[in-house]
Number of protein chains: 2
Amino acid sequence: MGAGTLAGRCLSALLGLGILAMAASAALADPLPSWQAGEAKSRILAFVEATSDPASRDFVPVAERIAVFDNDGTLWAEQPVYFQLIFALDDLKARAAEDPSILSSDALRAAAAGDMKALLAGGKEAIEEVVAVTHADMTVEAFQEATALWLRTAKHPRSGWPYEQMVYQPMLELLRYLRDEGYKTYIVSGGGLHFIRSYAQKAYNIPPEQVIGSVAATEYQLVDGKPEIMKEPEIIFIDDKAGKPVAIDRAIGRRPIFAAGNSDGDFEMLEWTSSGPGLRFAMLVHHDDAAREWAYDRDSHIGRLVRGLDEGPERGWLIVSMAKDWKTIFPEAD
Amino acid sequence: MGAGTLAGRCLSALLGLGILAMAASAALADPLPSWQAGEAKSRILAFVEATSDPASRDFVPVAERIAVFDNDGTLWAEQPVYFQLIFALDDLKARAAEDPSILSSDALRAAAAGDMKALLAGGKEAIEEVVAVTHADMTVEAFQEATALWLRTAKHPRSGWPYEQMVYQPMLELLRYLRDEGYKTYIVSGGGLHFIRSYAQKAYNIPPEQVIGSVAATEYQLVDGKPEIMKEPEIIFIDDKAGKPVAIDRAIGRRPIFAAGNSDGDFEMLEWTSSGPGLRFAMLVHHDDAAREWAYDRDSHIGRLVRGLDEGPERGWLIVSMAKDWKTIFPEAD
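Residues numbered from 1 in each chain as written. Chains lettered and ligands numbered in written order. Predicted model: local features only at pLDDT ≥ 70, side-chain atom pairs only at ≥ 80, totals over all residues. Heavy atoms only, no water.

Some details on the relation of the copies chain B and chain A
Each copy of the chain is related to the other by a rotation around an axis and a translation along that axis. At an RMSD of 0.0 Å, chain B and chain A line up after a rotation of 180 degrees and a shift of 0.0 Å along the axis. Here the two chains are linked by the operation of a two-fold rotation axis. Of all interface residues in chain B, 100% are interface residues in chain A too; the two copies therefore contact each other through one and the same surface. (Least-squares fit on C-alpha atoms with pLDDT ≥ 70 in both. Contact = heavy atoms within 4.5 Å.)

Put into structure tokens, the structure is as follows:
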């Protein structure tokens, strides 16, 4: 009895202190410090508050707070070409140095010589030949050890930083802010599933089960009596364009309420997300900052953005200007 | 200062009370009340305690506490045939009553007449014809509304209960116990992904993103200008046997540490799970209770279990006897 009364009084005292502390921290902390004050930041904050505040008429239960993010060009850079392709070429060169006989075709020789033009001229078949040598006939575990090592040691040609540091600071803050407000954050990328998983936890705090990507065949095998998942050369699913909503339905089974991308490969994902009932949010990162990052959109061979720029605004999608809306681009000083 | 001291004293008092309360509840509450005292129950409790207690040498971080469950015959019944097949036949009959011309083949006529023998004689093609009529050319949403309605209204031929009540009470307790101890519980089933999702949240408290199943093709389409995911007739992935580890790697990206099944279709999932480093748990539900459920294993056309019975025990897998290890089978009184 006495203990109960003491406990009750103490609880009130502690709750009072707790509420004061929380109120103070909410007033002080800006969840998006790398975002410039302005329309982009205000719209993000307003949406997240409206969907996470139980008193709001746009409140969304935690289980349905699903946010999906494209990766290349949305969470990290994608120039001069997708980093996964640079990994594949580096890996191919290293393998060829050990055993030159693996360069058994024009496409592989062009790739190992770094002749991107000749490689891309070979089209899908040429890329698949490179993937077959660098992404197959090994366990998923061995592949991910190799990619994780490359991502933290190989250097980006322009910045000189490890590739895993070429992530966008404002997007890291957005991911964290959404999670703090009860959102589950997913990557939905045209890049390879196992490649992205090898660094997503470290770089984005996104666990492997929240990574959706393009998929190569895998096979369950006993290797020296030990069960393993082996990577095979055949690409069985491309997670791009209309493939993104299909992959989200297969992996998550819910329509997201928040989607972020940067190219027309994300159009259908944003369209599907923003057409559901209730409040929705769709945004495109516009690469318009040649000084601090890169400037490209309508005519780019990578991250081409035409339809999103033309139709996005009238659909209510936010176009984020890297130049105007972001105080910093990368975690390192620009 | 004064407030801080008060808070400190209060915190100690409350913590003391809390620890007493927790100790009392732990001593009183049995997380698996429908399991008979004995080896099966003891082994489960010992494994979960060893992997979730930070002081244990077998402690596993929360992120890696992944538990996978087969569905048919493991979480709910699968006799006289898989419930999804009964749904398909009921649905086909209802459609044929509206428009008899849809019964355009021997297989469809046999199915609508409930002639299971003739239908099964038609093999995979016959089943695919039924799936094409009952599981395709509709949105995922419309399909799941239809299956959810059927699951809560159609009656199982023997028990007379709605199918969604044909779940195993001891397994519901096990799912909940694992989740209470920080495990993430997944379904990994040969059944259809969208079918299982239509009741998994309600029946098992398992959200759609933690359901892995067999997959039919889907397509992103604008239907009257509204973006939808449409179901197509082609089956593109069978989540059975060696397909289970492959599907787990694709969806989760981690090797589970706990796996439960009931047939040789689960063999590779249990083999892969139990061969990883550290403490692992694999179990098979053995249907040996003709009085309260069904008794079948080596010669059954459904849920055939041969290799698991022969090799399971020497591999350290737990064989759970429904007759001896379970006090009750279904949530309703037996």
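From this point, things continue past the structure.
Description of the packing of helix 7 (residues 140-153) of chain B against helix 9 (residues 193-204) of chain B
Two packed helices can be described by the angle between their axes and the distance between those axes. Residue and element names in this part refer to chain B. It is the contact of helix 7 with helix 9, at a shortest axis distance of 8 Å, that shows an interaxial angle of 55 degrees. In terms of their interaxial angle, helix 7 and helix 9 are classed as oblique. The crossing of helix 7 and helix 9 is right-handed. Counting all contacts with helix 7, which are made through V140, F143, Q144, T147, A148, W150, L151 and R152, the residues of helix 9 involved are H194, F195, R197, S198, Y199 and K202. The class makeup of the residues in the contact of helix 7 with helix 9 is seven nonpolar, four polar and three charged. (Axes fitted to C-alpha atoms, helices over the stretch in contact; angles between N-to-C directions. Helix = DSSP H or I, 4+ residues; strand = E, 2+ residues; numbered from the N terminus. Parallel < 35°, antiparallel > 145°, perpendicular 65-115°, else oblique. Left-handed = near helix turned anticlockwise from the far one by under 90°. Nonpolar A, V, L, I, M, F, W, Y, C, P; charged D, E, K, R; others polar.)

With respect to the packing of aromatic side chains
All names here are of chain A. Throughout the structure, instances matching the rule amount to 36 aromatic pairs over all chains. For the pair W76 and Y199, a centre-to-centre distance of 4.5 Å together with 20 degrees between the ring planes defines the contact as stacked. Remark: Y199 occurs in helix 9 (residues 193-204) and W76 occurs in the loop between strand 1 (66-69) and helix 3 (83-98); sequence separation between them is 123 residues. The class for W76 is buried, based on a relative accessible area of 1%. Judged by centre distance (5.9 Å) and plane angle (45 degrees), the rings of F87 and F195 are tilted. (Phe/Tyr/Trp six-rings, centres within 6.5 Å; stacked < 30°, edge-to-face > 60°. Buried < 20%, exposed > 50% of the residue type's maximum accessible area, 1.4 Å probe, protein only.)

Description of helix 2 (residues 39-52) of chain A
Residue and element names in this part refer to chain A. For helix 2, spanning 14 residues, the distance from its first C-alpha to its last is 20 Å, which sits close to the expected 20 Å at 1.5 Å a residue. Residues A40, K41, I44, L45, F47, V48, A50, T51 and S52 constitute the buried set of helix 2. Packing partners of the buried residues in helix 2 comprise helix 8 (169-180), strand 6 (258-261), strand 7 (281-286), strand 8 (318-321) and helix 13 (322-325). (Expected span 1.5 Å × (residues − 1).)

Points about the sheet that holds strand 7 of chain A
All names here are of chain A. Taking strand neighbours across the sheet as the criterion, the eight strands line up as 2-5-4-3-1-6-7-8 in an open arrangement whose pairing is mixed. Both edges of this open sheet fall to strand 2 (138-139) and strand 8, since each of them pairs with a single strand only. Pairing between strand 1 and strand 6: three bridges, direction parallel. Pairing of A67 across the sheet is with F258, part of strand 6. (Pairing = 2+ DSSP bridges.)

Quick look at unusual backbone geometry
Cis geometry is found at the peptide bond from Q79 of chain A to P80 of chain A, where omega equals 5 degrees. Counting through the fold element by element, P80 of chain A comes out in the loop between strand 1 and helix 3. Its identity is not glycine, yet D224 of chain A carries a phi of approximately 50 degrees, on the positive side. Even without a glycine there, the phi angle at D137 of chain B is positive, about 60 degrees. Secondary-structure assignment places D137 of chain B in the loop between helix 6 (123-134) and strand 2 (138-139). Overall, D137 of chain B belongs to the exposed group, its relative accessible area being 62%.

Focus: helix 9 of chain A
Of all the 12 residues making up helix 9 of chain A, 10 are buried; the element is thus mostly covered by neighbouring parts of the structure. Inspection of helix 9 of chain A places L193, H194, F195, I196, R197, S198, Y199, A200, A203 and Y204 of chain A among the buried residues, and these make up the whole buried set.

Some remarks on the packing of helix 9 of chain A against helix 10 (residues 243-251) of chain B
Two elements in contact, helix 9 of chain A and helix 10 of chain B, have axes whose closest approach is 10 Å; the angle formed by their N-to-C orientations is 55 degrees. Taken as axis vectors, helix 9 of chain A and helix 10 of chain B run oblique relative to one another. Contacts from L193, H194 and R197 of chain A of helix 9 of chain A reach helix 10 of chain B at D249, R250 and A251 of chain B. Among the residues forming the contact of helix 9 of chain A with helix 10 of chain B, the class breakdown is two nonpolar, one polar and three charged.

Thoughts on the side chain of N262 of chain B
Residues and elements named next belong to chain B. Among the structural elements, N262 can be located in the loop between strand 6 (258-261) and helix 11 (267-274). With a relative accessible area of 2%, N262 lands in the buried category. Of note is the side chain of N262, whose polar atom sits 3.1 Å from the side chain of T74. At 3.4 Å, the side chain of N262 and the side chain of H287 are in polar contact. (Polar contact = N/O pair within 3.5 Å; in protein donor to acceptor, adjacent residues only side chain to side chain.)

Quick notes on the confidence of the model for chain A
Detail in the predicted coordinates should be disregarded across regions flagged by low pLDDT. All names here are of chain A. Across chain A, the average pLDDT comes to 92, with 91% of residues at or above 70. For chain A, helix 1 (residues 2-28) is the element with the lowest average pLDDT, namely 51, and strand 1 is the one with the highest, namely 99. Predicted confidence for residues 1-8 stays below pLDDT 50, and this span has four contacts to residues more than four positions away or in other chains. (pLDDT = per-residue confidence, 0-100.)

Concerning the environment of V285 of chain A
All names here are of chain A. Examined against the element boundaries, V285 turns out to sit in strand 7. Among the residues examined, V285 registers a relative accessible area of 0% and is labelled buried. With 246 residues separating them in the primary sequence, V285 and E39 have C-alpha atoms 14 Å apart. Beyond its immediate sequence surroundings of up to four residues, V285 is in contact with G73, T74, M171, G261, N262, V320, M322 and W326.

Overview of the interface of chain B and chain A
Each side of the interface is counted separately: chain B has 43 residues, and chain A has 43 residues. Summed over both partners, the interface of chain B with chain A comes to about 3,400 Å²; 57% of that surface belongs to carbon and sulfur atoms. Summed over the three residues of chain B that lose the most area to chain A, namely E209, Y220 and R250 of chain B, the buried surface amounts to 22% of that side. At the junction of chain B and chain A, the tally comes to five salt bridges. Residues R254 of chain A and E209 of chain B are paired through a salt bridge, measuring 3.2 Å at the closest nitrogen-oxygen approach. Between chain B and chain A we count 18 residue pairs in polar contact (both at pLDDT 80 or more) in total. Tallied by class, residues from the side of chain B that touches chain A come to 26 nonpolar, six polar and 11 charged. (Buried area = accessible area lost by both parts, 1.4 Å probe. Salt bridge = Lys/Arg side-chain N within 4 Å of Asp/Glu carboxyl O.)

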